[in-house]
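Here is what each chain is made of, one letter per residue.
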Amino acid sequence: DAGVIQSPRHEVTEMGQEVTLRCKLISGHNSLFWYRQTMMRGLELLIYFNNNVPIDDSGMPEDRFSAKMPNASFSTLKIQPSEPRDSAVYFCASSPLTPSGTIYFGEGSWLTVV
Amino acid sequence: AQSVTQLDSQVPVFEEAPVELRCNYSSSVSVYLFWYVQYPNQGLQLLLKYLSGSTLVKGINGFEAEFNKSQTSFHLRKPSVHISDTAEYFCAVRIVEADKLIFGTGTRLQVFP
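Residues numbered from 1 in each chain as written. Chains lettered and ligands numbered in written order. Predicted model: local features only at pLDDT ≥ 70, side-chain atom pairs only at ≥ 80, totals over all residues. Heavy atoms only, no water.

*Asks:* Break down the overall build of chain A for me, citing the residues and quoting the values.
*Replies:* Broken down by element type, chain A carries zero helices and 11 strands. Along chain A, from the amino end to the carboxyl end, the secondary structure elements read β-β-β-β-β-β-β-β-β-β-β. Its C-alpha radius of gyration of 13 Å places chain A within 12% of the 13 Å reference for a compact globule of 114 residues. The principal-axis extent of the C-alpha atoms belonging to chain A is close to 40 × 25 × 25 Å. Here chain A holds 114 residues, and the buried ones make up 49% of them. Within chain A, residue pairs in contact and separated by at least 24 positions form 54% of the contacts whose partners lie at least 6 positions apart. Just so you have it, chain A exposes about 5,500 Å², and 51% of that area is on carbon and sulfur atoms. Mean positive and mean negative side-chain charge positions of chain A (9 and 12 charges, respectively) differ by 2 Å. (Helix = DSSP H or I, 4+ residues; strand = E, 2+ residues; numbered from the N terminus. Rg over C-alpha atoms; globule rule 2.2 N^0.38 Å. Buried < 20%, exposed > 50% of the residue type's maximum accessible area, 1.4 Å probe, protein only. Contact = heavy atoms within 4.5 Å. Areas by Shrake-Rupley, 256 points an atom, 1.4 Å probe, with all protein chains shown as cover. Lys, Arg positive; Asp, Glu negative; His and termini not counted. Charge placed at Lys NZ, Arg CZ, Asp CG, Glu CD.)

*Asks:* Explain the confidence of the model for chain B to me, using residue names and the numbers behind them.
*Replies:* Chain-level pLDDT for chain B is 92 on average; 98% of the residues reach the 70-or-more range. Put simply, strand S11 (residues 102-103) of chain B is where chain B has its lowest mean pLDDT, 90, and strand S3 (residues 19-21) of chain B is where it has its highest, 98. (pLDDT = per-residue confidence, 0-100.)

*Asks:* A description of the confidence of the model for chain A should follow, citing residues and the corresponding values.
*Replies:* Considering every residue of chain A, the mean pLDDT works out to 93; 98% of them sit at 70 or more. Of all secondary-structure elements in chain A, the lowest mean pLDDT belongs to strand S6 (residues 53-56) of chain A, at 91, while strand S3 (residues 19-24) of chain A reaches the highest, 98.

*Asks:* Explain the interface of chain A and chain B residue by residue, including any values.
*Replies:* Counting from both sides, the interface comprises 21 residues of chain A and, opposite them, 21 residues of chain B. When the two sides are added together, the surface that chain A and chain B hide from each other amounts to roughly 1,800 Å², 55% of it contributed by carbon and sulfur. The tally of links between chain A and chain B comes to zero salt bridges. At the junction of chain A and chain B, the tally comes to five residue pairs in polar contact (both at pLDDT 80 or more). Among the secondary structure elements, those contributing two or more residues to the side of chain A that touches chain B are strand S4 (31-38), strand S5 (42-50) and strand S9 (88-95) of chain A. With four residues, S5 of chain A is the largest single contributor of residues to the side of chain A that touches chain B. Of the residues contributing to the side of chain A that touches chain B, the split by class is 10 nonpolar, eight polar and three charged. (Buried area = accessible area lost by both parts, 1.4 Å probe. Salt bridge = Lys/Arg side-chain N within 4 Å of Asp/Glu carboxyl O. Polar contact = N/O pair within 3.5 Å; in protein donor to acceptor, adjacent residues only side chain to side chain. Nonpolar A, V, L, I, M, F, W, Y, C, P; charged D, E, K, R; others polar.)

Right, here's the structure in full:
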C-alpha cells in the first residue's frame, strides 16, 4: 500500500502569495493530521480531522491558515497570504480512527517563503 | 493537559556503544506512548509503541523502550548503535480517549565512527 502522499515536496514562493499543500491519506484511514516542523518550535499539531470533520484546529497559527477535507482521502492546507515566518516543513499524517492506531507520516512539504 | 519532555537535545555516542534517550511524560489519564525516528530530509517513522501489557517494548532496528508508570518515563535504548542510527528521535504521547499525538522536542542522536 502507498503511504501518505504529500505534494509539493518543495516550494519556494514570494511573500504574499497563496500556498496550497496537498495530502492523500492511506486508504482506510479516518484521521488526518497536519503538523508543522521548525527549528524553533519543533513539531506542532496544526489541525486534525476525524471522518472529514475538523476536531481541533487550536494549533492553526492565524486566519491566514485554513485546512479542508473535501473527501475521505484528500486534504489541503492553504496559507493566504504567505509570510516568511511560515517557512517550515509541513507534515501530513493519517491513522485509523482509534487512539491506539499508529499515525503514519508523509515525507513532508518543505516551504520557503522569501 | 498532556506534555512530553525529552531531556537531552543532543546525544553524541561512538559506534557500537550503548545509548539511552530519555523521555518523560505528564498526563492525568491513561496514555499510549510512541517513539518515532526522523532521518535527514524525511518524514517520521514509527520505531515502537506501548499500548498495554508488557512494559518492555521492542521495535525496529534493535531499539527497545521501557514504560515506567511510577516515574512516568518511556526511555529508548539500544545496546549497540550503528552509524546509520544517526537521526532525530521523537517521543510522543496520545491519550487513550482522544486522538492528538503530542510530541517532545526531539533528541538528535549523533553516532561517530
